[in-house]
Amino acid sequence: MRSLPRVTRHSATVLLLAIAGCGRGGGPPLAERNGLRIMSGYAHPSAGQAGAAYFTIVNRGGVPDTLSGASGATSGSGMVMSTSAGRMMSMAVLPIATGAEVKMVPGGTHIMFGGLGRDWAIGDTVHLTLHFAHAGAVEVTVPVLPYGEIP
Ligand SMILES: [Cu+2]
C-alpha cells in the first residue's frame, strides 16, 4: 500500500494539454529531428514498477506527426496516456500538429511505463526512445525529479 498513492497522485488532477504556437524557451532541446524539438523532459520516481515521463514537444517542421509511445532498455515500453477526472486513459497516439507545442504534465498527458527493470529514484537519469510516426525513433535522456518539481 505504501507505494500506491504515488501512482495515483500524478493522475489526480485534470487534463492539461497545452497547445500553443510558441515555446517557453527554457533551455536547449533534448533532441531535434525533422523539425520536432523535444524539450524539458523529466520523469518522476517510480512506484510499484510503474513510472511516468513528461516532455514538451514542439513541431517546427512542415509535417504533422504523432507520438505512439516510448521504450527504454530498463523501462520496457511506455504508452501515451491522458488523465481526465482522475482516471488515466490510454491514447493510441498523441498528435503533434504542425506549429504546435504539446506539453505533457503530471495529472495530464504523460508516457506511462509498467514493469520497470529497475526503480527510478530521484537523481537518476533515464534513457528513453520516443517513437514518432514521421520522425522515427528519437533518443533522449531525462532526469528523475521529485514530485512537484518541473524543469
Ligand atoms: Cu499514468
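That block above? That's the structure.
Residues numbered from 1 in each chain as written. Predicted model: local features only at pLDDT ≥ 70, side-chain atom pairs only at ≥ 80, totals over all residues.

Visitor: Just to check I follow, could you spell out the overall build of the protein chain for this structure?
Guide: Secondary structure assignment for the protein chain yields one helix and 12 strands. Ordering the α and β elements of the protein chain from the N terminus gives α-β-β-β-β-β-β-β-β-β-β-β-β. A total of 151 residues make up the protein chain; the buried ones form 34% of that total. Sequence separation of at least 24 residues holds for 71% of the intrachain contacts in the protein chain that already meet a minimum separation of 6. (Helix = DSSP H or I, 4+ residues; strand = E, 2+ residues; numbered from the N terminus. Buried ≥ 20, exposed ≤ 12 C-beta atoms within 10 Å, placed from the backbone. Contact = placed C-beta atoms within 7 Å.)

Visitor: Mind showing me how you'd approach the environment of Leu-94 here?
Guide: Relative to the assigned elements, Leu-94 resides in strand 8 (residues 94–96). Beyond its immediate sequence surroundings of up to four residues, Leu-94 is in contact with Thr-66, Leu-67, Val-80, Val-102 and Thr-109.

Visitor: What is the right way to look at the pairing of strand 5 (residues 65–72) in this model?
Guide: Remember that side chains alternate between the two faces of the sheet whenever the strand is regular. Strand direction decides the pairing type here: strand 5 and strand 8, joined by three bridges, are antiparallel. Note on strand 8: the bridge partner recorded for Leu-67 is Leu-94. Summarising the sheet, strand 5 and strand 11 (residues 125–132) pair through four bridges and their orientation is antiparallel. Its bridge partner lying in strand 11, Gly-69 is registered against His-131. In the sheet, strand 5 pairs with strand 6 (residues 76–84) via three bridges, with the strands oriented antiparallel. Counterpart to Ser-71 in the pairing with strand 6 is Ser-77. In textbook terms, the turn of a hairpin is the stretch between consecutive antiparallel strands, and for strand 5 and strand 6 this stretch comprises three residues. (Pairing = 2+ DSSP bridges.)

Read these as layout, nothing more, since geometry by itself doesn't imply function.
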